[in-house]
Structure formats: C-alpha cells, structure tokens
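Reading the structure
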Amino acid sequence: MNKNLLIGLESKLADSLDRLISLFGTETMLWFARLYDPESGAFYYSNSGRDYEGFGPDLESTVQGLRCVEDKGMIDRYNCSLKNALPEAMIKKLTDFTKSCADPDGYYYHPQWGKNINVQRRGRDLTWARQIYDWFGEKPPYPTAVELISEKRTEESVALPDYLKSKTAFYAYLDSLDFKNKSYPAGNTLNAQGQQIRAAGLTEACCEYLIAHQNPKNGLWEDNISYSSVSGLMKVAGFFSGAGMALPNIKLALDSCIEMALSDELPDAVTYVYNPQSAVCSLSAAMKKIGDTENAEYSRKRFQENIVPLIDKTYEKLSRFRKPDGSFSYLQNRSVCKSQGAPVSLYLENEGDVNATTIAMSGGVGMLLHNLGLPFKIYDLSDYSEFIAVLMAQTPIKKKPVPEGRESSPGRF
C-alpha cells in the first residue's frame, strides 16, 4: 500500500489517517479480484452471489470495483487507464457482456433479472453501461435511452416515462416521492434518473422544485437532522452539482452534515458513514462550479477545524462493518441481498459486498482525503500486480443450490 500521502502531515492527523487507511489493505482488493467471472469478464456482488445458483455478475458491481482499480493508485503507471492496464481478453469479454445486456429500448437488462426491474435499477444500469463504453472506447449496439430522449425518438422505446413529458407531470411525480418525510429514497430515485431528466430538459425545473421545498431551518428537506435526512441532502446535492446551480441555505446544510458525521449515534447502514461526507463534497463541488467563494471557504474551515475528530469517528463507525476478508457489509451484521430491488446474494448472509465496500472506501477515506486536498492514492503498482494475478487465476464457478429460505427477502433487505 501507498503511505507516502501521509508524509508531511501533522503527526496526530497522520496517525489518525494511517489507522483509517489500514482498514482497506491489499486483502480488500484481492477479495474483489476473487469475485471476477472469467466467462463474462464482469464481477459478482458478493461471495454468495458468486457461489450460488440464480445470481449473476452485474454491471454495477463491475464498475464500482474497477473504479477502485482506476483511481486509487494501482494503475498510475498506466496513466490511470483501465484500457491500458487490463488484459485485452478481459476487456473484450466485459464489453461483449455489456453489449449483450443492451436492448433496443435504450436500457440495459441482465439475464438473471430480465425487464421486471424498478426505475432505479434501470437508470443505474444505463449509467454503468455508458461508463464501460467510455472506458474502453466502445459504442453501444443500439442508441441509449439518453440519446433517444435527447433526439425526441421516444416513440421507439420506453425511454421517456409519462412523468418526464411535461413540467406539470414531473412536479406531480416529485410530489409523490415525498421529500418532506422520505428525502433519502426520494433523492435516490431522482438521482438514478438524472441522465434522463437532463435529456428531457427538466433539470432547471427539478432544481426549482427542490429549492421551493427545502427546509430553511437546517438546509435539508425534512424537519429533523438525522442520518436519513442528511443522506437525502447528499442525493440532492449531487443533482445540483451536476446542474451547476446554487443551493440555498448552504451553510445550514453543511452544518447538518458535520453534525451527523460527528454524531455518537451508531449507523445501521454503511451508507450513513459515507453520505454526510459525500454531501459536503457535492456541495463544495457545486459552490466551486458557480464561483461561490464565500461558502466554499466556509465549507473548508468547518471541515478543517473538525478533521481529526471526523477521521476518528469515521474509523469507529466503519470498523463495525468490516469483515475478516477485507470486505465491508451494507448492514453491520449482514449484507443486503437486493441491489435496487434486484436479487444479488443470499438472504441473511453475514458477508461483504462490492457496493458497501466501495462506499466504505470512498466515504471512509476518499471524501476525507478529497476535503484535505490529498490524492486518493492508497494503493500502488505492487497491489495491482497481486490483484491481476488473483483475477487471472479465477476459474468458472460451479454453482451450489440456494439453501431453503435464503433465496430472497420479503422487502428491500
């Protein structure tokens, strides 16, 4: 691992960061390498998803994991290019797999899930597929939903839902999401469709709606400051950052984030460790994008004056989700068996998963380093050499039958 990024830091800060980074040793990336499916070129969500019947590799787990390879220092020697670093045969299999999921309607569907998926799953998989094409310079076999919507060719597909066909219908849809009481799931649903909303020309209308419904007392969309309401802010802040628009009451919003990040309340999901700090990053990005230097400086000072307590509190919270193999689970004692409503692993399995592990890594280390102005380079070339060696040693999985009662959950988890 690369500890050079700690050189020159004040000793207390360096010690706290070193302890936090130690949660993500080389074993974390080797765990990910063992999720590789040599037949498709993609990755599984978890150990049980890899080992049991009914589950398949997926685009989201693949992109989330490969982003850690791309930008955490492992392939700096290759100019941080996955196209330069990964074996050609692996790239060919992965791009072929991605194209096999493409549908003429502009979206991407996995063989293990089919088309019976929710809008969040559908929107996210569109995003992951486009990322893979971008990485490797490939083109999709059909126009994507974003292209169909932008070109007003929605009669050819299900690309444009009715609620994106007018401002009035869109506002009614946003009302149904209930930001005042459920801002986190509402924001997640909104963000998952961000590309479609922009392509439909409703970005400004969406921001206007969100501003009108913001709570002016705390900068959130709910009355209380909690992990959930700050997570709602994180989703909304990301939308504003992408739109390059100013979010009102930004100092109050930042204060709400810091309050929850330093809270002694133990989070029941790993996202609640990540989300407050991610919201700070998104807010900072939005401020810089529009030249709001006053609030950007306020954000920097609030972060700096709390930096060591933030790192120590992050370590304390993340440790509860870490597994012996270096992975992290979504809940403290188990992973979730559905990803955006689609089954990805055994029900009630105490294991790590790609989504939670990358959330822990990005939220636990990445956001802190970003706000400190330090590069998120915790790995080096030797880690990549080990990663590729383990990945290339993977053989096709002989799947086991799912134990009775472990197929799925009655709800989200």
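Before any of the text, the structure's been laid out above.
These figures come from a predicted structure and were not determined experimentally. (Residues numbered from 1 in each chain as written. Predicted model: local features only at pLDDT ≥ 70, side-chain atom pairs only at ≥ 80, totals over all residues. Heavy atoms only, no water.)

1. Describing unusual backbone geometry
Formally: The helix count covers DSSP runs of H or I at least four residues long, the strand count covers runs of E at least two residues long, and both are numbered beginning at the N terminus. Think of it in three bands: residues with accessible area under 20% of the maximum for their type are buried, residues over 50% are exposed, and the middle band is partly exposed, with areas taken using a 1.4 Å probe on protein chains only.
Of note in the backbone geometry, Asn249 takes a positive phi value of approximately 55° without being a glycine. Assignment of secondary structure puts Asn249 in the loop between helix H13 (227–243) and helix H14 (250–261). A relative accessible area of 31% means that Asn249 is categorised as partly exposed. Within the chain, Gln340 stands out as a residue other than glycine whose phi angle is a positive 50°.

2. Some remarks on the nonpolar core
So the rule is basically this: Each nonpolar core is a collection of buried residues, namely Ala, Val, Leu, Ile, Met, Phe, Trp, Tyr and Cys, held together in the definition by side-chain atoms within 4.5 Å. It only takes one pair of heavy atoms within 4.5 Å for two residues to be counted as in contact.
Residues Phe24, Phe179, Ile378 and Phe387 are the most contacted members of the largest nonpolar core, which totals 128 residues. Of the residues forming this core, the biggest block, 10 residues, is contributed by helix H18 (residues 354–372). Not counting residues within four places of it along the chain, the set of residues in contact with Phe179 comprises Leu174, Ala186, Gly187, Leu190, Tyr209, Leu210, Trp221, Glu222 and Val236.

3. What about the packing of aromatic side chains?
Rule in force here: The rule is short: rings of Phe, Tyr and Trp, with Trp giving its six-membered ring, pair when the centres are within 6.5 Å, and they are stacked under 30 degrees, edge-to-face over 60, tilted in between. Both a distance and an angle decide whether a charge sits over a ring: NZ of Lys or CZ of Arg must be within 6 Å of the ring centre and within 35 degrees of the ring normal.
Under the definition given, this model contains 12 aromatic pairs. On the numbers, 6.1 Å between centres and 65° between planes, the contact of Trp135 with Phe136 is edge-to-face. Comparing Trp135 with Phe136 shows no difference in burial state: the two are buried. Relative to Tyr272, the ring of Tyr227 has its centre 5.4 Å away and its plane inclined at 15°; by these criteria the two rings are stacked. Linking Tyr227 in helix H13 with Tyr272 in helix H15 (residues 271–290), this pair joins segments that are 45 residues apart in sequence. The residues Tyr227 and Tyr272 share a single accessibility class, namely buried. Three or more aromatic residues joined by ring pairs make a cluster, and in this case those are Phe32, Tyr36, Phe43, Tyr78, Tyr384 and Phe387. Of note, Arg19 hangs over the ring of Tyr315, and the distance from its end group to the ring centre comes to 3.9 Å.

4. Concerning helix H10 (residues 179–192)
Filter applied, for reference: Helices are assigned an expected span. That span is 1.5 Å times one less than the residue count. Fitting axes to the seven residues ending at a residue and to the seven starting there, one defines the bend at that residue as the angle between these axes.
An ideal rise of 1.5 Å per residue puts 20 Å on 14 residues; H10 reaches only 15 Å between its terminal C-alpha atoms. Pro185 marks where H10 bends most, by close to 55°. Among the residues of H10, those classed as buried are Phe179, Ser183, Tyr184, Ala186, Gly187, Asn188, Thr189, Leu190 and Ala192. Contacts from the buried residues of H10 go to helix H7 (119–136), helix H9 (167–177), helix H11 (194–199), helix H12 (203–212), H13 and H15.

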